[in-house]
Every structure is written in C-alpha cells, then in structure tokens.
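So the chains spell out like this:
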Amino acid sequence: MSFKKSLLLGVTLGVSSLVPAGAVTISLDGFMSYQPTSAFDAATFDASASDKLVVVVTGEHNFGGNTSGDISGITYDGTPLVQAVNRQPIDSSNITAADIWYLDNPGSFHVSGVLDATVVGNGNNYVYTVIALSGTAPGVGATAVSAANSKSVSLNALGSDSFVVASHGMGGDGNTANVLSVGADAPASQIAALEAGNNWAGHVVSFTNGVAPGAATYSFTGGSAGGNVTIAAEFQAIPEPSSLAFLGIGALALLRRRRQDR
C-alpha cells in the first residue's frame, strides 16, 4: 500500500487508526494522602509544575443517622477547585460522602500550595488524596458513581489515552473503614489507602493510565459489605502533535483526491 493510500485510509477510518491504542501520554507527577485533625487548612501540596490538580475526598458522619455532612468547596491558594463528582450521603445506613475535585493549570495560582476544604452540615472524619498530573486536556471527561454498598463502578471513557481516577470510600455504616483489607483490582494501580482513627472514614484510590474510549469497570476487593461507595473520573490527554499532523495531512490528501475525482 502506498503512503498516500495509507493517509487516505487513516482519514476514512478516523484518527485512532493512525495512533497506537493505549499510549501513555499523561504523567502522574506526585500524590499525597492527608487526614486532618480538625481542619484541612494545614495541608500543603506543590502542584505548580503540573497542569492539573485532583483532590479525592471521602467522609462519614453516622451519629444518630445524620446525613447532612458534605464538602461544599475546596480551594488551592484561594482558587476554587471544580467539583467533578459528588456523592452525598443517602440515608442512615449509607452515609458515605465521596467527591472528586480538580483545578486546571494549578501553577498559575500557586503561591504556597495551601489546600483548604469547607465542610457543611454535621460531617466529620474526612480523608483526602491529592494528585498532580501533566499532559491533560482542560476539564474533566466522563464521571461515574456506583450504587450504595458497591465495590465497583462502570465508566464510559470519552477520550483516548485517558487517566482514570477511581476511589472506594468507606465508613458510612459505623466504624467499617478498614483500608488494610481493601485493594484495587488490575489493571488499575493503587496509589493511596488512608483512614481516620478507629475506622471512622477512609478510602482506597487507584489510577488507570492510557485508557481507551468505551466502557470499563473499576473495582476493588475486600472491605466491609456496607457503608461504602465507588466513584471515578476521567481526565483526558492532550492530543499528541504527531496525531494532529497526521490528521491534517490526511485531510489534505482526502481533499486532493476529491478534486481529482471531479
């Protein structure tokens, strides 16, 4: 097959035929987990060299069946993050609150790297995992929240070579957040496992890089049967310059062929 025909075939079939599937173009620059004693103000994280800051938060409040505890906002050096996923407490038997927040281009706002979270209602016992990424497109792709008491969630990725963050949060059904008994299932890689004292609240966080478009299940094994929830969010990759170049060349070739056929 000639080079010209290959380009035309690529345009006809789409860009994905020109770019290898599963390419890893997003980098995980760093992460940390943090459980505040009374407030989140003291936590600092330097994401100034990255293009996306992601914060996963899980909490519980199960005194008297209280379901009002939730995170209403997170800031990075005073700049508000965007909420991608919000799973509020449901009822007295499942009071797990679980969120994913993000901020594009955190380096534009970085001064001291202070993260501050605001809690509403009677929520307490929150745990956080903070992630810095590079090579991401602005915004967030697909998101997903499981049903109550589920250790897996299905997410239909929209982009190519995406980075999916999944979190299994526990502790909304009494002192059940035993993170040591929970693990992320392959092909995901586990990056964090943190709980508040006496198993009050906790989560296990995983990532899967180079995710192709389409539905996939992100799951965890072990842990309590009740008071848990699994959430996930997709962060899409910036198209590689070579991919855009192939698309442009292929489009020009297709236009040239159409002119010749007239």
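Model, not experiment: these values are computed from the prediction. Think of each chain on its own: its residues are numbered from 1, step by step along the sequence as written. Reporting in this predicted model follows two pLDDT cut-offs: at least 70 for local features of residues, and 80 or more for side-chain atom pairs to be given and counted; totals over whole chains, interfaces and linings ignore these cut-offs and use all residues. No hydrogens and no water enter the side-chain calculation; it runs on all heavy atoms of the structure.

Asker: What should I look at first to understand the overall build of the protein in this one?
Answerer: By definition, any uninterrupted DSSP run of H or I lasting at least four residues is a helix, any uninterrupted run of E lasting at least two residues is a strand, and each is numbered from the N terminus. Counting secondary structure elements, the protein contains two helices and 16 strands. Per-residue burial over the protein gives 47% buried out of 262 residues. The contact definition used throughout considers only heavy atoms, calling two residues in contact when any of these lie within 4.5 Å. Excluding contacts between residues fewer than 6 apart, the proportion of contacts in the protein whose partners are at least 24 apart in sequence is 80%. Element-wise, carbon and sulfur atoms account for 54% of the exposed surface of the protein, whose accessible area totals about 11,400 Å². Accessibility here uses a 1.4 Å probe with only protein chains present; expressed as a share of the type maximum, an area under 20% marks a residue as buried, one over 50% as exposed, and anything in between as partly exposed. With residues, only the protein chains shown are counted as cover, and all accessible areas are computed by Shrake-Rupley using a 1.4 Å probe.

Asker: What is the right way to read unusual backbone geometry from this model?
Answerer: Negative phi is the rule for most residues except glycine; trans is the rule for most peptide bonds. Here the bond from Ala 186 into Pro 187 is cis, since omega is 10 degrees, no more than 30 degrees from zero. Within the secondary structure, Pro 187 sits in the loop between strand S12 (182-184) and strand S13 (189-195). Even without a glycine there, the phi angle at Asn 149 is positive, about 60 degrees. Its location among the elements puts Asn 149 in the loop between strand S9 (143-145) and strand S10 (152-157). Overall, the relative accessible area of 36% leaves Asn 149 in the partly exposed class. At Asn 199, a residue that is not glycine, the phi angle is positive and equals roughly 60 degrees. Following the sequence through the fold, Asn 199 ends up in the loop between S13 and strand S14 (202-211).

Asker: So what exactly am I meant to see when it comes to the nonpolar core here?
Answerer: What tends to happen in soluble globular proteins is that the nonpolar side chains get buried as a cluster. Definition of nonpolar core: a set of buried residues of the types Ala, Val, Leu, Ile, Met, Phe, Trp, Tyr and Cys, connected through side-chain atoms within 4.5 Å. Val 54, Ile 100, Ile 131, Leu 133, Val 165, Val 205 and Phe 235 are the most contacted members of the largest nonpolar core, which totals 21 residues. Mapped onto this core, the elements with two or more residues apiece are strand S2 (52-60), strand S5 (82-87), strand S6 (97-104), strand S8 (124-134), strand S11 (162-170), S13, S14 and strand S16 (228-235). The leading source of residues in this core is S16, at four residues. Grouped together as the second largest cluster of nonpolar side chains are 19 residues, Leu 53, Val 57, Ile 71 and Ala 132 included.

Asker: Would you take a moment to explain the confidence of the model for the protein for this structure?
Answerer: Low-pLDDT portions of the prediction should not be read for the details of their coordinates. The pLDDT value expresses, per residue, how confident the predictor is, ranging between 0 and 100. Looking at the protein, pLDDT values average 82 and 79% of them are 70 or higher. Here residues 1-21 scores under 50 on pLDDT; set against residues more than four positions off or in separate chains, the count is 22 contacts. Considering only residues more than four positions removed or in separate chains, one finds that residues 243-251, a stretch of pLDDT under 50, has 10 contacts.

Asker: Explain the pattern of salt bridges here, please?
Answerer: Where charged atoms from two side chains of opposite charge come close, those side chains can pair. We define a salt bridge as a contact between a side-chain nitrogen of Lys or Arg and a carboxyl oxygen of Asp or Glu at a distance within 4 Å. The final tally for this structure, using the stated rule, is one salt bridge. Between Lys 52 and Asp 104 there is a salt bridge, with the nearest N and O atoms lying 2.3 Å from each other. Note that Lys 52 is positioned in strand S2 and Asp 104 in strand S6, a separation of 52 residues in sequence. For Asp 104, a relative accessible area of 22% corresponds to the partly exposed category.

Asker: It is not clear to me how the side chain of His 203 should be interpreted in this structure. Could you clarify?
Answerer: Positionally, His 203 belongs in strand S14. On the accessibility criterion, His 203 (0% relative accessible area) is buried. In the analysis that follows, any N or O atom pair within 3.5 Å is treated as a polar contact, provided that within protein one partner can donate a hydrogen and the other can accept it, and provided that, for residues neighboring in sequence, both atoms belong to side chains. Within the structure, the side chain of His 203 is placed 2.8 Å from the side chain of Thr 129, a separation counted as a polar contact.

Asker: Help me understand the packing of aromatic side chains in this model?
Answerer: What counts as a ring pair is set by centres within 6.5 Å for rings of Phe, Tyr and Trp (its six-membered ring), and what kind of pair is set by the plane angle: stacked under 30 degrees, edge-to-face over 60, tilted for all other angles. One pass over the structure, following the stated rule, counts two aromatic pairs. Summarising the aromatic geometry, the rings of Phe 163 and Phe 207 are spaced 5.1 Å apart at their centres and angled 0 degrees between planes, so their arrangement reads as stacked. Remark: Phe 207 occurs in strand S14 and Phe 163 occurs in strand S11; sequence separation between them is 44 residues. Comparing Phe 163 with Phe 207, the two get one shared label, buried.

Asker: Is there a simple way to explain the pairing of S16 in this structure?
Answerer: Here is the key point about a regular strand: its side chains alternate between the two faces of the sheet. Most of S16 is tucked away: eight of the eight residues are buried. What you see with S16 is no split at all: Asn 228, Thr 230, Ala 232 and Glu 234 on one side and Val 229, Ile 231, Ala 233 and Phe 235 on the other are buried throughout. As paired strands, S9 and S16 are joined by three bridges and run antiparallel to one another. By the bridge assignment for S16, Thr 143 is matched with Ala 233. Here S11 runs beside S16; their pairing, made up of eight bridges, is antiparallel. Bridge pairing in S16 places Val 165 opposite Ala 233. For two strands to be treated as a pair, DSSP must find no fewer than two bridges joining them.

Asker: What is the right way to read the pairing of strand S3 (residues 70-76) from this model?
Answerer: S3 sits mainly inside the fold: five of its seven residues count as buried. Relative to strand S7 (residues 115-120), S3 runs antiparallel, the two being bridged by six bridges. Paired with Asp 70 across the two strands is Val 120, which belongs to S7. In this structure, S3 lies alongside strand S4 (residues 79-80), joined through two bridges in antiparallel fashion. Note on S4: the bridge partner recorded for Tyr 76 is Thr 79.

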